[in-house]
Amino acid sequence: MSTNRRRERALSPKLAVVFLFALLAVLVSAAAGNAAPTAVPTPYIRGTAPLPGPVAPAARPAATMGIITATRDTGPSGTPTTLTAKRLAPNADVSLVWMTSSVAWVLDPRADSVDYIGRSVSKFGVVLARLKTDAGGSFTYRTKFPQDFGGLHDIYAVVDGVQVARGGVLITRRYQIWPKRGPVGTKINIKVSGLGSSLYESGLGVYYDNKFSGIATANWTRGVATVSIRAAGPVGRHTLVMSSAMQANYLNPAQSPIPWANLHNTTFTVTRDAGLPKTAVEWPLNVRPTISPTTTLAAENLLATSGKASLSQSRGFVTGKATLTASGLTPGTPVSIVWATVVGNRVNCVGICWVFSQVPMTTLQPNADGSLRSEITIPDGLGGWHFVQLLQNGRVMTQAPYFVQRNLISVSDRSVRRGQEITIRLKGIGWTQLDNTVAVVYDNGYIGYGCGFNSAGDVQIKVTATGVRGTHLIDLYPLLYTQNPVYATATYGMVPFLSFRRDAPGLAVGYRLPAIRLAIKIVN
């Protein structure tokens, strides 16, 4: 069915009754005045290092400040050093304060969508240690560089709320890549510590044989990124480069203002072509959201009633089944079960770009006590957060949230000729800037993306088979859509997001978006 016919079907009262919500004001407007960017609280990410110490009270600088020296002032986290200061007040209590940051992803969660804005940084100090100067006004403290963001960190000696001495160290990047050899399709793990909190230090680009594979960030994980790509190409040695820049490779980092954000080169040896690896779906961590995961569509046209509704499962694929249970309804009045979603797109958008709609699912009669229980089928449409709404006399009495996950439907052919076009079909692609697109990577080279908003979550991606005879890899990654004309272009946008498992902004609002790993074989 064509996109236009699908939209007509969604909007035609003869085929699917569409109820616009109470006020035209809640129709989706792309006006900048509606934006309310929010720095979302960081969720708990397993394995992330805590702050190096308790948050320090604010302090003011002294008129003249002493110097803290470090026996080693440059190196990765864990580097041993000794900090020394002299000519301070004798027998004084000193707080040794380490300056650090927290980084938050910035989103604009609204009733009609979630927009990706960027990131924000908060700088503050933590108490690394509490010391006492000796009778001569000196102290010596042996320590190691904390596990923290990379880059320059000031260290202050604070006495009675006054910064009396200052020093600092530079945390550099450390790279770990494993394994170093294996057949086509081998998972190559990349762990980098020492990514910074400032914008130009905060991420890296991954390149395989000079092909851009995607970006890695570590905003929530305090400078530590762990990502993976797959070994591709013919038998032999291949070059793997971690770039200091994110969306375009910075080839002379030693001459930049932050030369410590250096390139890192290594190799991986493909030992053999063992045939097509199995299709795999790699999910992000299951973290607890820090903003209501059902923000989208949550409160529109909802009455204050005693009604309650729940589903036997809150996530699944289109056309899946779930059991709906409800109570607090009005006995004797039919209940219309509808699916709350949106219809529209962002292309050439001025003013209203998409509208809320309610797709009828079924009509039920509540029991004498105002309860009901029924199995429902999730409609085939957009992915992301939706609501199953229960209406009586045209008004929403209660509702239950449901997240439609993206999933692979089909690959047109796995054994192909060079130059042959392959069609990859996905369902459950959403409409927010977090989930309306998917990035496509061929043999670790980013070739483009697919979008599913206008096509009601159905994406049919066309890829041309290229390369020598043998196995070739296709990886589909989450992508942050930043082509919204309302906002200035945000960083990290429109490229494969390799750190989707631990540092994706959508995790804070319940968007668990996977990587899908495929393979084809060129036979001639």
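Each chain carries its own residue numbering, running from 1 in the written order of its sequence. Local features in this predicted model are restricted to residues of pLDDT 70 or higher, and side-chain atom pairs are both shown and tallied only at a pLDDT of 80 or more, whereas totals for entire chains, interfaces and linings draw on every residue. Hydrogens and waters are ignored; side-chain quantities use all the structure's heavy atoms.

Peer 1: With reference to specific residues and values, describe the sheet that holds strand β13 (residues 187-193).
Peer 2: DSSP-based pairing: two strands are paired if at least 2 bridges between them are found. Here a helix means four or more residues in a row that DSSP labels H or I, a strand means two or more in a row labelled E, and each is numbered from the N terminus. Across the sheet, three strands lie side by side as β11-β13-β16; this open sheet has antiparallel pairing. The sheet terminates laterally at β11 (174-178) and β16 (225-230), the two strands that pair on one side only. Strand after strand, the sheet turns through a mean of 20 degrees between neighbouring axes, direction not considered. Summarising the sheet, β13 and β16 pair through six bridges and their orientation is antiparallel. Axes here mean lines fitted to C-alpha atoms, for a helix over just the part in contact, with angles spanning 0 to 180 degrees between N-to-C directions.

Peer 1: For the pairing of strand β35 (residues 515-522), give the residues involved together with the corresponding values.
Peer 2: Working note: regular strand, side chains alternate between the two faces of the sheet. Burial of β35 is extensive: seven of the eight residues sit out of reach of the surface. With three bridges joining them, strand β19 (residues 280-282) and β35 adopt antiparallel strand pairing. What sits directly across from Ala280, in β35, is Arg517. Sheet topology places strand β29 (residues 415-416) next to β35; two bridges connect them, and they run parallel. Paired with Val416 across the bridge in β35 is Ile522. Bridge count between strand β34 (residues 470-478) and β35: seven bridges; the pairing is antiparallel. Residue pairing in the sheet places Asp475 in a bridge with Arg517 of β35. Burial classes follow relative accessibility: with a 1.4 Å probe on protein chains only, a residue under 20% of its type's maximum area counts as buried, one over 50% as exposed, and anything between as partly exposed.

Peer 1: Describe the side chain of Arg119, listing the residues and the values that go with them.
Peer 2: Looking at where Arg119 falls in the secondary structure, it is placed in strand β7 (residues 114-132). Asp503 provides the closest opposite charge to the buried, salt-bridge-free Arg119, at an N-O distance of 7.6 Å. Contacts described as polar in this section are N or O atom pairs within 3.5 Å, which, within protein, must combine one atom able to donate a hydrogen with one able to accept it, while residues neighboring in sequence count only if both atoms come from side chains. Here the side chain of Arg119 touches Asn219 through a polar contact of 3.1 Å, side chain to side chain. Whether two residues are in contact is decided by their heavy atoms, any of which lying within 4.5 Å being enough. Dropping the residues within four chain positions of it, Arg119 is found in contact with Val103, Ala104, Trp105, Val106, Gly196, Ser197, Ser198, Leu199, Ser202, Asn219, Thr491 and Tyr492. When charges are counted, neither His nor the chain ends are considered; positive counts come from Lys and Arg and negative counts from Asp and Glu. For salt bridges, the criterion is a side-chain nitrogen of Lys or Arg within 4 Å of an Asp or Glu carboxyl oxygen.

Peer 1: Account for unusual backbone geometry, naming residues and giving values.
Peer 2: Excluding glycine, residues mostly have negative phi values, and the peptide bonds linking residues are mostly trans. Note that the residue after Trp178, namely Pro179, is joined by a cis bond; omega there is -10 degrees. Relative to the elements of secondary structure, Pro179 occurs in the loop between β11 and β12 (181-182). Here Asn91, not a glycine, exhibits a phi torsion of approximately 55 degrees, which is positive. Since its relative accessible area comes to 48%, Asn91 is described here as partly exposed.

Peer 1: Please set out the environment of Thr330 residue by residue, giving values where relevant.
Peer 2: Among the structural elements, Thr330 can be located in the loop between β22 (321-327) and β23 (335-344). A sequence separation of 37 residues divides Thr330 from Asn367, and the C-alpha atoms of the two residues are 9.0 Å apart. When residues no more than four places from it in sequence are discounted, the contact partners of Thr330 are Pro366, Gln392 and Met397.

Peer 1: Explain the sheet that holds strand β33 (residues 459-464) residue by residue, including any values.
Peer 2: Spatially, three strands are ordered β28-β30-β33 in an open sheet, and the strand pairing comes out antiparallel. For this open sheet the edge positions go to β28 (407-411) and β33, each flanked by a neighbour on one side alone. The average undirected angle you get between the axes of adjacent strands in this sheet is 25 degrees. Sheet analysis places β28 next to strand β30 (residues 421-427), joined by four bridges and oriented antiparallel. Considered in β30, the bridge of Asn407 is made with Lys427.

Peer 1: Before we move on, can you summarise the packing of aromatic side chains with the specific residues and values?
Peer 2: What characterises a pair of aromatic rings is the spacing of the ring centres plus the angle enclosed by the ring planes. Note on aromatic pairs: the rings of Phe, Tyr and Trp (six-membered ring only in Trp) are paired at centre separations within 6.5 Å, and the planes decide the class, stacked below 30 degrees, edge-to-face beyond 60, tilted for the rest. The full count for this structure, using the stated rule, is ten aromatic pairs. Residues Trp105 and Tyr116 carry aromatic rings whose centres are separated by 6.0 Å and whose planes lie at 55 degrees to one another, so their mutual orientation is tilted. Highlighted residues: Trp105 in strand β6 (residues 93-109) and Tyr116 in strand β7, separated in sequence by eleven residues. Of the residues examined, Trp105 reaches a relative accessible area of 0% and is grouped as buried. Seen from their ring centres, Trp105 and Phe497 are 5.9 Å apart, and the 65 degrees between their planes marks the pair as edge-to-face. With Trp105 in strand β6 and Phe497 in the loop between β34 and β35, this residue pair connects regions lying 392 residues apart in the sequence. The buried category is assigned to Phe497, whose relative accessible area is 2%. In textbook terms, an aromatic cluster arises when at least three aromatic residues are bridged by ring pairs, as seen for Trp105, Tyr116, Tyr492 and Phe497.

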